[in-house]
Amino acid sequence: RKQFFPIVILYLLALSFCWFNMLSHFLLWFLTVLLTSFYTESESIQVLREGTPTPRELLLRKWKVCTNYIILMYTPILVVNTICHVDYFFVNLLFIPTQLALLYFGISLKYAGYRPNKSQPGNQIPLAIVSMCSVLPYLLPIPAILSFVYFYKAKDNLKKYLHD
């Protein structure tokens, strides 16, 4: 990917500053926002249909891959942060699900408006708004709620591409 270098830099910065109170959280959040930007371009119909019998299975497979990567990448940083700042245990505990909800929303939003081989620049506005919601404590449920709302929209949209 063309974003490999910024991803590595952000991750290493988050890892090196994990003993600071909230700096590593901010860097990981920024990394998550960068990762959601991958979901603004649509793949070809052939790639979409590759090994995917149903829209639900495609979306859940994308969510699962995303979950595995985030847990693998963010857990070490959050564990060290928890050791250094025991009073932030619950913040660290809720951080991964919040970031996953943001990524799930990005994936679902992409496929809710999926058109083969088309870029979706209009998705950047809802992604930016939901990204900000994942930072503000009283708006934390919004990314999760919208993830599921757009999951069903994506599932409906993908039916016309996956079922001839």
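Above this text sits the structure in question.
Residues numbered from 1 in each chain as written. Predicted model: local features only at pLDDT ≥ 70, side-chain atom pairs only at ≥ 80, totals over all residues. Heavy atoms only, no water.

Student: Honestly, the environment of Leu 35 in this entry has me stumped. Any pointers?
Tutor: In this fold, Leu 35 is placed in helix H2 (residues 23–36). Using a relative accessible area of 14% as the deciding quantity, one classes Leu 35 as buried. Sequence-wise, Leu 35 and Lys 155 are 120 residues apart; in three dimensions their C-alpha atoms are separated by 22 Å. Setting aside residues up to four positions removed in sequence, Leu 35 forms contacts with Ile 7, Ile 70, Tyr 74 and Leu 103. (Helix = DSSP H or I, 4+ residues; strand = E, 2+ residues; numbered from the N terminus. Buried < 20%, exposed > 50% of the residue type's maximum accessible area, 1.4 Å probe, protein only. Contact = heavy atoms within 4.5 Å.)

Student: Looking at this structure, I do not really get the packing of aromatic side chains. What am I missing?
Tutor: The relative placement of two aromatic rings is captured by the distance of their centres and the angle of their planes. For the coordinates displayed, the defined rule picks out 14 aromatic pairs. Centre to centre, the rings of Tyr 74 and Phe 95 are 6.2 Å apart; their planes meet at 35°, and the pair counts as tilted. Residue Tyr 74 is located in helix H4 (residues 55–84), and its partner Phe 95 is located in helix H5 (residues 89–112); the two are separated by 21 residues in the primary sequence. For the residue pair Tyr 74 and Phe 95, the accessibility class agrees, reading buried in each case. Look at Phe 89 and Phe 90: their rings are 5.2 Å apart centre to centre, the planes differ by 75°, and that puts the pair in the edge-to-face class. You can call Phe 90 exposed: its relative accessible area is 60%. The lysine or arginine in question, Lys 153, covers the ring of Tyr 150, its NZ or CZ lying 4.6 Å from the ring centre. (Phe/Tyr/Trp six-rings, centres within 6.5 Å; stacked < 30°, edge-to-face > 60°. Lys NZ or Arg CZ within 6 Å of the ring centre and 35° of its normal.)

Student: Help me understand the layout of surface pockets in this model?
Tutor: A water-sized probe rolled over the atoms picks out the places where empty space is left. Quantified by volume, the second largest pocket comes out at close to 310 Å³. Lining the second largest pocket are 14 residues, with Met 22, Val 91, Phe 95, Ser 134 and Val 135 sitting closest to its centre. Elements with a contribution of two residues or more to the lining of the second largest pocket: H2 and H5. Top contributing element to the lining of the second largest pocket by residue count: H5, with five residues. For the lining of the second largest pocket, a count of residues per class yields ten nonpolar, four polar and no charged. (1 Å grid on protein atoms, 1.4 Å probe; cavity = no way out; pocket = protein on both sides within 12 Å on 5 of 7 lines; lining within 4 Å. Points joined across faces, edges and corners; volume = space filled by probe spheres on them. Nonpolar A, V, L, I, M, F, W, Y, C, P; charged D, E, K, R; others polar.)

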